[in-house]
Amino acid sequence: MNTIWALAGVVIKELYRRKDFYVLFFLTALVTLAALSVNFFNDTKIIRYVKDVCLLLIWFSTLIIAIVTAARQIPSEKENRTIFPLLAKPVSRGQVIIGKFLGCWLACGLALVIFYLFFVVVTGIREPQWHLVAYLKSMGLQWMMLAIVIALTLLGSIVFSAVSANATICLIAVIGILFLGEHLNKIALKQGEPVQSITYAIYFCIPHIELFDVRNQIVNNQPLPGLVDCGLASVYAAAYTAALLYGTWLLFRRKSLST
Amino acid sequence: MLAANSQFLVLLGEAGSRPTPLRGEVTVDLTRTIRYSQHVARRNPDLMSAILRTKKLRVEYVGGEVSKTAKVALHGLDLEVRAGEVFGFLGPNGAGKTTTMNVLLGFVPPTSGSAELFGIDVRQPIARQRIGYLPELTYYYKFLTAEELLRFYAKVFGLTRSESDQRIEKLIGLVELGHAAKRPIKTYSKGMQQRVGLAQALINNPDLLILDEPTSGLDPLGRMKVREIIQRLKNEGKTVFFSSHEMGEVETVCDRVAILHQGELKIEGRVSELVAKYGVANLEQVFLRIVGYQPQEVV
């Protein structure tokens, strides 16, 4: 475990020493504060729009952080050749994969905490009630969803050689699942064969990350899924993450690395 | 310089007297390694002295999409490096030196044959528990400071916090980076980065050092220092396996050498024996004879 934690620590240090996170946080804060200062038609429920905008920005920013951070881990190790002194130590390729995943996931968790703290403060200014439990559930579900995204991106980083290609493909895939994932079965019904079977296969194979999106409930102050449902969603995310990481390891362990 | 050398002696003296204390699962792994080495040694008594061994090692690189033909980088290499010796691994560019090192370090799997470190197959990560590797060029996380980088590698080897503190302090002193230890590596000169490389190779107090052209790109002072370090490691009973194109350097520090050409081991033995066998003045002439160099007349 020492090795995995050490590798994760390097990933976290890399994240907070780069500018990406600060830029995204600054933009999110700027847009949210700008939205907060505007008062359209003396609408007393303007806070709903502010919450909507802020949560959308948090989702988008953390997705960008997760995908960009995970996409460059293995390729940059190879490109900067830091993988060689690392693998010359008693470190297995499986430990590299798990260490990189854990580092990215913890770094994203750290970023999420900062974003949500800002969200709590911003909404607390305009709302009489603090829905802390709901916000915690939302953050937890989003963090579990990010685990799937990070594992998917790590798998992509072994398949695609260019970081930009992998990041773009993963971003499109994730946004595609978020928007279309839950509708694929309805789309399949209207198709003829073999498109119907293919669409159904995709529907049953893809990780349904849209299940982790509870922004609407937060914005409209509706009840969120209970703890049992959140737990089941976490198990679902963990299973997909494990399967994707296993695939990543299968591909990476056979890769020949020449100095 | 003198102070740094004495620090180095202290470091090696301390290291030579007892094995690196480890904790947790790494201790278990090391115990398993030792037990496994003893088990292997009982079955093959001559293995005890061979720290590094390759048997009929063959490596083929498959061509790309256009050329499907395989390029044979190593043709059945048999090599043995014994405990406590400094072994020079020589050959012209493309001879297969780097491929051999890549196999030994687990970067490239052998096509056939075997490679072992301390009697353990190199495909097992634990085979690398007792080695230090210095690559030809510096490849480190440039956003970390030298101290953070050494701490990271110390964690990888399972060193305790207090021991890594002690080891890092001594190594930073040894490579004379005390003034820059808390600066990111990206701000270092090439020479400073090489010195960080040397420090990381020694962080686990290795029994075997694998050095890939360690003096390449260094100024004369830097070369001298690396040579002194190799000599001191030898005096402390460490085994050093290194590749180099500097024949004078190899002649000075090596007990034995092996010359590789076109993926085949052409010759192996003591420098003095090889020079006497070929009836030439120095190792460079032996090398040129083996690789078939014919001097051309200058018009």
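Residues numbered from 1 in each chain as written. Chains lettered and ligands numbered in written order. Predicted model: local features only at pLDDT ≥ 70, side-chain atom pairs only at ≥ 80, totals over all residues.

Further remarks concern the interface of chain B and chain A. With 28 residues of chain B at the interface, the matching set in chain A holds 23 residues. Looking at the side of chain B that touches chain A, the element that brings in the most residues is helix H4 (residues 146-156) of chain B, giving four residues. Of the residues that constitute the side of chain B that touches chain A, the class distribution is 18 nonpolar, seven polar and three charged. (Contact = placed C-beta atoms within 7 Å. Helix = DSSP H or I, 4+ residues; strand = E, 2+ residues; numbered from the N terminus. Nonpolar A, V, L, I, M, F, W, Y, C, P; charged D, E, K, R; others polar.)

What follows covers the sheet that holds strand E3 (residues 86-90) of chain B. Residues and elements named next belong to chain B. As summarised here, the arrangement of the six strands in space is E6-E7-E8-E3-E9-E10, forming an open sheet in which the pairing is mixed. At either end of the open sheet lies a strand with only one pairing partner, and these are strand E6 (131-134) and strand E10 (264-270). Neighbour to neighbour, the strand axes of the sheet diverge by 15° on average, direction disregarded. Pairing between E6 and strand E7 (residues 208-212): four bridges, direction parallel. In the strand pairing of E7, Ile131 is matched with Leu208. Against the sheet, helix H6 (residues 190-201) makes contact with E6 and E7, and its axis sits at roughly 170° relative to E6, the strand it touches most. Running over the sheet, helix H7 (residues 220-235) touches E3, E7 and strand E8 (239-243) and is turned about 150° from E8. (Pairing = 2+ DSSP bridges. Axes fitted to C-alpha atoms, helices over the stretch in contact; angles between N-to-C directions.)

Okay, the environment of Asp213 of chain A next. Residue and element names in this part refer to chain A. With respect to the helices and strands, Asp213 occurs in the loop between helix H9 (195-205) and helix H10 (215-219). Judged by the 18 C-beta atoms lying within 10 Å of it, Asp213 falls in the partly exposed class. Sequence-wise, Asp213 and Leu30 are 183 residues apart; in three dimensions their C-alpha atoms are separated by 23 Å. (Buried ≥ 20, exposed ≤ 12 C-beta atoms within 10 Å, placed from the backbone.)

Shape is all these values report; function is a separate question.
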